[in-house]
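Commentary on secondary and tertiary structure
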Amino acid sequence: CMAFSIGTFYAFLSGTPLVAQSSFAMSATTLGLAMGSITAGFLLGSFLAGRYAGCYTLATTMIAGRVIACAGLGAGLITALVGVRHPISFFGWSMFAGLGNGLTLPSANAAVMSVRPHLAGGASGLSGALTVAGAALVSSLTGAVLTASGAAVNLLTIMFLSALLSLIAAAYVRLLDRRRKVD
């Protein structure tokens, strides 16, 4: 879940300069400011995760974050497919990926370390390594397949698929939690 969540962010970072240049003819300064949209979403999501951490289970918060990311990126993809080509649309919908990550990642990190508390340090290190490796894979894939032709649609597709894979992983965590409670 964490690898594909961060993979969505890495795809955004690696593909957005091409989208900004080929689809929106943005200056470097404007691009730098616009790239902060996903970070602003992350800040809001992290705030909400901290605010409501005691109210919901870790799996519920993870799934909520992934649903928000998928919904925002799906809406952005649909908007781009119907022909809306505007930087506010692209960056505005991408902000939901950051919001979803902000909700997901604190819960995912806590969940990783709570499985076997006596192994929390090793779990944290392993999850960090797997997260970076998975995200680097998504970023590399983005760089390999993204071209100037249809860059916005293609980048939103990659980001949506990465967010969807992280939603599937979060749903699997929920399933494992339910099985463990039954046993």
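Residues numbered from 1 in each chain as written. Predicted model: local features only at pLDDT ≥ 70, side-chain atom pairs only at ≥ 80, totals over all residues. Heavy atoms only, no water.

**Side note on the overall build of the protein**
- When helices and strands are counted, the protein shows seven helices and zero strands.
- Traced from its N-terminal end to its C-terminal end, the protein shows the element sequence α-α-α-α-α-α-α.
- Here the C-alpha atoms of the protein give a radius of gyration of 17 Å, agreeing with the 16 Å that 2.2 N^0.38 yields for 183 residues.
- Going through the 183 residues of the protein one by one, you find that 40% of them count as buried.
- Put simply, of all contacts in the protein between residues at least 6 apart along the chain, 87% involve residues at least 24 apart.
- As displayed, the protein offers around 9,300 Å² of accessible surface, 71% of which is attributable to carbon and sulfur atoms. (Helix = DSSP H or I, 4+ residues; strand = E, 2+ residues; numbered from the N terminus. Rg over C-alpha atoms; globule rule 2.2 N^0.38 Å. Buried < 20%, exposed > 50% of the residue type's maximum accessible area, 1.4 Å probe, protein only. Contact = heavy atoms within 4.5 Å. Areas by Shrake-Rupley, 256 points an atom, 1.4 Å probe, with all protein chains shown as cover.)

**Considerations on the packing of helix 1 (residues 2-22) against helix 6 (residues 120-145)**
- Between helix 1 and helix 6, the shortest axis-to-axis distance is 7 Å and the interhelical angle comes to 40 degrees. With respect to helix 6, the element helix 1 is oriented oblique. Crossing of helix 1 over helix 6 shows right-handed handedness. When helix 1 is examined against helix 6, the residues Met2, Ala3, Phe4, Ile6, Gly7, Tyr10, Ala11, Ser14 and Gly15 are found in contact with a partner set consisting of Ser127, Leu130, Thr131, Gly134, Ala135, Ala136, Val138, Ser139 and Thr142.
- For the contact of helix 1 with helix 6, the per-class residue count stands at 10 nonpolar, eight polar and no charged. (Axes fitted to C-alpha atoms, helices over the stretch in contact; angles between N-to-C directions. Parallel < 35°, antiparallel > 145°, perpendicular 65-115°, else oblique. Left-handed = near helix turned anticlockwise from the far one by under 90°. Nonpolar A, V, L, I, M, F, W, Y, C, P; charged D, E, K, R; others polar.)

**Considerations on the packing of aromatic side chains**
- For the structure on display, the rule yields six aromatic pairs.
- With centroids separated by 5.0 Å and ring planes inclined at 90 degrees, the aromatic side chains of Phe90 and Phe91 adopt a geometry described as edge-to-face. Phe91 shares its class with Phe90; the two are buried.
- An aromatic cluster of at least three residues, connected via ring pairs, comprises Phe12, Phe24, Phe90 and Phe91. (Phe/Tyr/Trp six-rings, centres within 6.5 Å; stacked < 30°, edge-to-face > 60°.)

**Re the packing of helix 4 (residues 58-81) against helix 5 (residues 87-114)**
- Running from amino to carboxyl end, helix 4 crosses helix 5 at an angle of 160 degrees, the nearest separation of the two axes being 8 Å. On the basis of the axis angle, helix 4 is roughly antiparallel to helix 5. The element helix 4 and its partner helix 5 pack so that their crossing is left-handed.

**A few points about the environment of Leu156**
- Looking at the element boundaries, Leu156 is found in helix 7 (residues 151-182).
- Of the residues examined, Leu156 reaches a relative accessible area of 2% and is grouped as buried.
- Remark: the alpha-carbon pair of Leu156 and Leu43, spanning 113 residues in sequence, is separated by 21 Å.
- With sequence-adjacent residues up to four places away left out, Leu156 is seen in contact with Leu73, Gly76, Leu77, Ala80, Phe90 and Ser94.

**Observations regarding the environment of Gly83**
- The topology assignment puts Gly83 in the loop between helix 4 and helix 5.
- Here the alpha-carbon distance between Gly83 and Val153, two residues 70 residues apart in the chain, equals 9.8 Å.

**Examining helix 1**
- In a regular helix each residue adds 1.5 Å, so 21 residues correspond to 30 Å; helix 1 covers 30 Å between its end C-alpha atoms and thus fits that length.
- Along its length, helix 1 shows its largest kink, about 45 degrees, at Gly15, and proline Pro17 lies within four residues downstream of that point.
- Taken as a whole, helix 1 has its buried residues at Met2, Ala3, Ser5, Ile6, Gly7, Thr8, Ala11, Phe12, Gly15, Thr16, Val19 and Ala20. (Expected span 1.5 Å × (residues − 1). Bend = angle between axes of the 7 residues up to and from the residue.)

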